[in-house]
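One-letter residues, chain by chain:
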Amino acid sequence: MRKVIIITAFAGFGMLAACSGNANEGEIKKLNERITALENELEELKETAGPGLAELMNQNYGHLQKLETAIAEGNWEYAEFCMHEMEETFEKIEYIHNNHDELVQPASEQFKAFIYPVFESLEAAVEAHDEPKAADLFINLKTNCGKCHTANNHGFIAL
Ligand code: HEC
């Protein structure tokens, strides 16, 4: 987050310099290059300093397993908790690894196609404490995790 603030500050300074009329084109160009370099550094930092894609996927797997048990036991509060944690993990994956090497299309696009529709229906079933419907939708969700693995040449990751 600090990096984002720094970049925003740089961008603001660049615009200010451009508006004041004092800065010459060379200075503006230099500032723009610096902004681009910082943006690239930020992208790299996200991938190298943050959790890896496989690490985040394992978090998903842990919550998926706990979600199955919570639904079977009618522990709706825990089921909601697991889904909330998974949502946070999805967001992290999209933020950090949207264009990961192993993905054939951006993570955000693929989550929209494979995960979010069934995830939202499952959330509604959990909120309604509808055990049979939630159990069915859970299977769909798990199947769709696997479909994304297959679509990205990782079909061997069977859940
Ligand atoms: C965008 C497509 C996509 C979706 C959706 C997806 N995965 Fe993955 N998953 C991958 C990719 C790609 C890898 C391999 C990561 C790597 O090579 O670093 C992976 C790896 C994994 C792994 C192996 C991690 C390891 O270290 O052994 C598990 C477990 C996993 N995913 C679980 C899930 C679960 C559970 C879901 C659904 C909630 C899910 N995945 C949804 C693409 C996806």
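Higher on the page you've got the structure.
Residues numbered from 1 in each chain as written. Predicted model: local features only at pLDDT ≥ 70, side-chain atom pairs only at ≥ 80, totals over all residues.

Colleague: Outline the overall build of the protein, listing residues and values.
Modeller: Secondary structure summary: the protein contains six helices and zero strands in total. Each helix and strand of the protein, placed in order from N terminus to C terminus, yields the pattern α-α-α-α-α-α. Taken over 159 residues, the protein has a buried fraction of 13%. Taking as baseline every contact in the protein between residues at least 6 positions apart, the subset at least 24 positions apart corresponds to 50%. (Helix = DSSP H or I, 4+ residues; strand = E, 2+ residues; numbered from the N terminus. Buried ≥ 20, exposed ≤ 12 C-beta atoms within 10 Å, placed from the backbone. Contact = placed C-beta atoms within 7 Å.)

Colleague: Can you explain the packing of helix α3 (residues 53-72) against helix α4 (residues 76-97)? Please cite residues and give values.
Modeller: It is the contact of α3 with α4, at a shortest axis distance of 9 Å, that shows an interaxial angle of 165°. Here α3 lies roughly antiparallel to α4, going by the angle between them. α4 is crossed by α3, and the crossing has left-handed handedness. Facing α3, whose interface residues are Leu53, Leu56, Gln59, Asn60, His63, Lys66, Leu67, Ala70 and Ile71, α4 presents Tyr78, Ala79, Cys82, Met83, Glu85, Met86, Thr89, Lys92, Ile93 and His97. Its residues assigned to classes, the contact of α3 with α4 shows eleven nonpolar, five polar and three charged. (Axes fitted to C-alpha atoms, helices over the stretch in contact; angles between N-to-C directions. Parallel < 35°, antiparallel > 145°, perpendicular 65-115°, else oblique. Left-handed = near helix turned anticlockwise from the far one by under 90°. Nonpolar A, V, L, I, M, F, W, Y, C, P; charged D, E, K, R; others polar.)

Colleague: Residue-level account of the site of the ligand, with values.
Modeller: By nearness alone, 21 residues border the ligand, and Ala54, Met57, Gln110, Cys145 and Cys148 come closest of all. Of all the secondary-structure elements, those providing two or more residues to the shell around the ligand are α3, α5 (107-127) and α6 (131-151). Take the shell around the ligand: its biggest share by element is seven residues, from α3. Its residues assigned to classes, the shell around the ligand shows 14 nonpolar, six polar and one charged. (Near = placed C-beta within 6 Å.)

Colleague: Please set out unusual backbone geometry residue by residue, giving values where relevant.
Modeller: Positioned with a positive phi, His129 is a non-glycine residue whose angle comes to about 55°. With respect to the element layout, His129 can be found in the loop between α5 and α6. A count of 12 C-beta atoms within 10 Å places His129 in the exposed class. For Asn153, which is not a glycine, the phi torsion comes out positive at approximately 60°. Secondary-structure assignment places Asn153 in the segment after α6. In this structure Asn153 comes out as exposed when scored by C-beta crowding, with 10 C-beta atoms within 10 Å.

Colleague: I'd like a description of the nonpolar core, backed by residues and values.
Modeller: Core analysis: the biggest nonpolar cluster contains 14 residues, and Leu67, Ala79, Leu122, Ala134 and Phe138 have the highest contact counts within it. Those elements that place two or more of their residues in this core are α3, α4, α5 and α6. Once residues within four sequence positions are removed from consideration, Ala79 is found in contact with Leu67, Ala70, Ile71 and Val126. (Core = buried A, V, L, I, M, F, W, Y, C linked by C-beta atoms within 7 Å.)

Colleague: How would you sum up the environment of Val104? Please name residues and give values.
Modeller: Examined against the element boundaries, Val104 turns out to sit in the loop between α4 and α5. The class for Val104 is exposed, based on 10 C-beta atoms found within 10 Å. Sequence separation of Val104 and Ala151 is 47 residues, and the distance between their C-alpha atoms is 7.7 Å. For Val104, the contacting residues outside a window of four places in its chain are Ala151 and Asn152.

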